[in-house]
Every structure is written in structure tokens, then in C-alpha cells.
Amino acid sequence: RLDSELRHASHVILEQGRRREPDEQAVLKLLEPVLQKALPGCRAIVYGSCATGLRVASSDLDIVIETPAMPGILHQPPSPDKLRMVSEMLSEQTWISHVKTIPHASIPLIKALATPPRASNTSTTTKSSTTPTTTTPIALDLSFASSAHRGPASVGVIKNLVANFSEMAPLAVVLKCFLKTLPIGLADPFKGGLSSYALVLMLAAVLRLRSELKRHFEGFRFATDDVKGGGGGVEGYGDLAEAFLLFLETYGPGFDPAEDLVVVFPPPPPPALPPWLQLIKRGGKRESAFEIDTLAVIDPLDPTNNTARSAYRFPEVQSALTQALTRLRATADAARRSFSAREVKSTAAMATEESSQGSPSAGGGDLGGPSGLADTSTGGNKLNKYDDTSAGAAKATATTGRGEKRFPMLESFFGGDLRLGESKQGRKRT
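Residues numbered from 1 in each chain as written. Predicted model: local features only at pLDDT ≥ 70, side-chain atom pairs only at ≥ 80, totals over all residues. Heavy atoms only, no water.

A. Structural detail: the packing of aromatic side chains. One pass over the full model with this rule turns up seven aromatic pairs. Three or more aromatic residues link up through ring pairs in this structure, and these residues are Phe178, Phe244, Phe413 and Phe414. (Phe/Tyr/Trp six-rings, centres within 6.5 Å; stacked < 30°, edge-to-face > 60°.)

B. Main features of the nonpolar core. Judged by nonpolar contacts, the single largest core of 68 residues is most densely connected at Leu2, Met168, Leu194, Phe244, Phe247, Tyr251 and Phe413. Ranked by the residues each element gives to this core, the list is headed by helix 7 (residues 196–216), at 13 residues. What Leu194 contacts, discounting residues up to four positions off in sequence, is Leu179, Leu186, Ala187, Asp188, Leu199, Met202, Leu295, Ala308 and Ala311. (Core = buried A, V, L, I, M, F, W, Y, C linked by side-chain atoms within 4.5 Å. Buried < 20%, exposed > 50% of the residue type's maximum accessible area, 1.4 Å probe, protein only. Helix = DSSP H or I, 4+ residues; strand = E, 2+ residues; numbered from the N terminus. Contact = heavy atoms within 4.5 Å.)

C. Here's a closer look at the pairing of strand 5 (residues 138–144). Burial of strand 5 is extensive: six of the seven residues sit out of reach of the surface. The pairing of strand 2 (residues 61–66) with strand 5 spans five bridges and is parallel. For Leu61, the partnering residue across the bridge sits in strand 5 and is Leu140. Strand direction decides the pairing type here: strand 4 (residues 109–114) and strand 5, joined by six bridges, are antiparallel. Within strand 5, the position partnered with Leu109 by the bridge is Ser143. (Pairing = 2+ DSSP bridges.)

D. Region of the structure containing the packing of helix 5 (residues 151–164) against helix 7. In the contact formed by helix 5 and helix 7, the axes pass within 11 Å of each other and the chain directions differ by 35°. For the element pair helix 5 and helix 7, the recorded crossing hand is left-handed. The segment helix 5 lies against helix 7, with Ser154, Val157, Ile158 and Leu161 engaging Tyr197, Val200, Leu201 and Ala204. Taken together, the residues that form the contact of helix 5 with helix 7 break down as seven nonpolar, one polar and no charged. (Axes fitted to C-alpha atoms, helices over the stretch in contact; angles between N-to-C directions. Left-handed = near helix turned anticlockwise from the far one by under 90°. Nonpolar A, V, L, I, M, F, W, Y, C, P; charged D, E, K, R; others polar.)

E. Quick peek at the packing of helix 2 (residues 21–38) against helix 4 (residues 80–91). At a minimum axis separation of 10 Å, helix 2 and helix 4 run at an interaxial angle of 140°. By the criterion of interaxial angle, the relationship of helix 2 to helix 4 is oblique. Pair helix 2 / helix 4 crosses with right-handed handedness. Residue-level inspection shows Leu31, Val34, Leu35, Lys37 and Ala38 of helix 2 in contact with helix 4, the latter providing Met85, Val86, Met89 and Leu90. Looking at the contact of helix 2 with helix 4 residue by residue, the classes come out as eight nonpolar, no polar and one charged. (Parallel < 35°, antiparallel > 145°, perpendicular 65-115°, else oblique.)

Written as C-alpha cells, this is what we have:
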């Protein structure tokens with residue numbers, strides 16, 4: 001059940017992100033002449049989730065600006081005058097609003113909301129022009145290339161992780177959406193929250209840990225069957241559910257941010273130390289360069305850089321993950337009880353029918369798997385665990401009267417109603 005919900009939900013989330021690509025291209029087309037006027041010869045480079053493909057519908061469009069004076073690397077941050085000049089020119093554009101400069105961050109940043117015209121009109125417009133018909137606003141983060149800026153380089157790291165772990169993309173977007181449902185700021189590193197890059201690295205450490213343990217110990221299994229729905233004797237629970245639950249266990253109740261260190265690509269360990277003990281190092285944060293940081297997630301590009309250095313509100317994220325895992329367990333327990341009751345009732349009905357007919361019955365039906373939550377409108381057919389299509393995933397999800405897919409297990413995880421069907425007017429989409 002959980003595995004099929006994760007597959008379907010992530011498919012919809014990723015598709016919603018892809019639908020935004022034309023608007024992103026419109027923003028870049030509008031932005032180019034503005035930047036060229038402010039900084040002749042500069043180049044805008046997209047990085048972050050819009051470059052890696054791990055975007056959700058509300059992802060920021062991250063752009064680093066590189067000028068001819070710094071063909072590869074700029075060793076000094078941009079001057080306040082340069083930030084102010086670019087900020088003022090952006091403020092003059094009718095498709096730009098809420099411009100905010102953050103000059104004293106480790107990477108100086110200009111934040112804004114971009115609402116580009118529809119594709120039929122992508123010419124640069126200023127405040128003196130008539131405001132054009134617009135699309136959904138896109139949060140824009142503009143920064144400047146410097147020796148400390150690793151944004152573009154991190155794209156290659158994440159793409160490599162996505163290519164090597166099939167669970168990475170679907171779980172990353174579901175977890176990103178979860179962070180965005182938490183109190184304001186917990187998904188924003190400038191407000192003490194967890195950055196998307198740190199979140200992806202934390203997930204990668206768990207996926208590598210799981211891979212190492214299964215590679216070294218044949219038949220190794222994680223103690224997550226209580227949530228996945230084990231015990232029903234029905235196959236179809238795949239790698240997504242196991243990896244998802246392992247992430248929640250690892251960074252929820254089983255993680256001590258004051259002691260533990262997350263290292264996705266650790267250096268070669270001493271001969272006596274197995275590799276899986278190097279990925280999430282228990283007690284490894286003590287006496288390290290990151291001891292005073294609330295959370296330490298080491299950057300694969302630079303072992304001296306903590307990608308979660310500003311996440312001083314991580315205890316709130318950890319609490320939310322722990323509560324979400326508790327809700328999932330409660331939902332799984334209720335589903336198991338429902339399944340057991342249905343199994344007993346079905347067995348009794350079959351025995352009665354056999355007794356009355358004097359022959360074995362071909363009835364009984366499919367109980368829909370250990371969760372007991374199969375969609376009765378589709379006959380309760382089990383979903384093949386490798387079926388990633390929307391139609392296939394819909395077989396394993398309950399359907400509302402308006403045709404929207406609902407996700408009982410993921411709704412318990414998110415702590416509320418999760419709707420991933422086609423959005424109605426005025427409805428906020430995940």
C-alpha cells in the first residue's frame with residue numbers, strides 16, 4: 001500500500017514540476033536583457049532542483065550570475081553597490097515583485113517573485129507598462145559566482161545520485177513537499193530550516209547505508225514491516241516504502257543531531273571499520289569542526305563545508321518526522337486490524353458457501369493486500385510493485401466522488417488530506 005502510494009504521488013508531483021518548465025524558460029528569457037543591462041556580458045546559470053529535475057510545483061528557481069570579470073571563479077563576494085544595482089533594476093520590471101536583498105549571507109542573495117507573461121508575450125516590460133496576463137508566480141533566488149558558491153557543481157553530484165539510486169527522485173520530492181507543509185521557514189535555510197541540498201544528501205546517506213547492508217549481509221531486512229503492512233502474505237511492497245521508512249527511522253527517533261554526523265561519501269575507512277558505519281557516524285560530530293552546528297551534513301564537494309550549517313531549527317524538523325512516523329504506524333495498525341477482520345469474515349463466508357454447495361468455492365475475492373485499503377471500485381486488485389503509471393497506481397488508491405486520488409498512508413504521514421488529482425480552481429496543489 002505505502003509503496004504504491006509513494007510511486008503514484010511522486011509521479012504526480014514530478015509531473016507538476018515538469019509542467020512549470022515553460023514558465024521557467026519565460027523567466028530566463030525576460031531576465032537576460034535585464035541582467036545584460038546591469039552587468040554587460042554576464043551569464044545566468046540555473047542550478048538547484050530546476051537543473052537536477054527534482055523540482056516540485058513550488059520550488060525556487062535558483063540562478064547564479066557569472067560575469068566576464070570572473071570567467072570561472074570569483075574570489076570575492078559581490079559588492080553592496082552591485083547587489084543594489086541589480087536589485088533596483090529588477091524592481092523596475094512589471095513581472096517582478098517582492099524584491100529582497102540579503103547582502104550579509106554567506107552567499108549574498110537577491111530574492112524575488114517572478115510572474116512572467118504567458119508564452120505569447122515574453123518581451124521585457126517595465127512598471128510603466130500594462131501588467132500582462134500572468135502565470136503562477138515563481139520564487140526567484142539570484143546569487144553571484146564566487147569561490148564559496150558550489151551551487152552549479154552540486155548539480156552533478158545530485159544527478160549522479162539520482163542515476164545510481166532509483167528511489168532518490170520519488171522520495172526526494174515527497175520529502176520536499178512534506179517540509180513545505182511544516183511551519184513557515186523549516187524548508188528555508190535563510191530562516192533556520194533545512195535546505196533541499198542537505199535533505200537530498202541525508203536521503204542519499206540512508207540509501208547508501210541500505211545498499212551497503214544488503215550487499216554485505218545476504219537476506220538482510222529492516223524492521224519496518226509493521227508499517228509496510230507485512231504479515232498479510234501478499235507481495236507487492238517494494239523498495240520505496242522500505243527506504244522511506246528507513247529515512248524516517250534514521251532521522252526521527254533514531255538520530256542525535258548533537259552527536260551524529262552525516263557523510264554521503266566518506267573517505268576510505270580504517271581496515272577494522274566497515275563502510276556502513278561511516279555514512280551516519282554515531283558520535284562522529286564530537287570534537288569535529290562541526291561540533292557547534294545544530295546539524296552536520298557534509299558536502300561531498302568539500303569535506304570542510306557543512307550543508308546544514310544554518311539549520312538551527314532542525315529539532316523541529318526531527319520532531320515532525322517522528323510524529324509522522326508515529327501516525328504512519330497507527331494507520332498501519334488500523335489497516336492490519338481491518339484486514340484481519342475481513343479475512344476472518346471472508347473465510348467464514350467461503351466455508352458456509354462450500355457447506356451449502358457441497359463443493360469448493362471459486363469465490364472469496366482478492367482482499368487487496370495487507371493494508372486492507374484497496375479500492376473497491378476496481379475490484380481490489382493488487383498493484384504490481386513495478387507499475388509506475390498513473391493508471392496502474394490508481395488501482396491501489398481510494399477514489400473520491402470527484403475522481404481525485406486519495407492516499408490513506410501518505411495522508412497520515414502528512415497529517416492531513418492529501419489531494420494529488422487534477423486541481424480545481426482556487427485549490428492549492430501539492
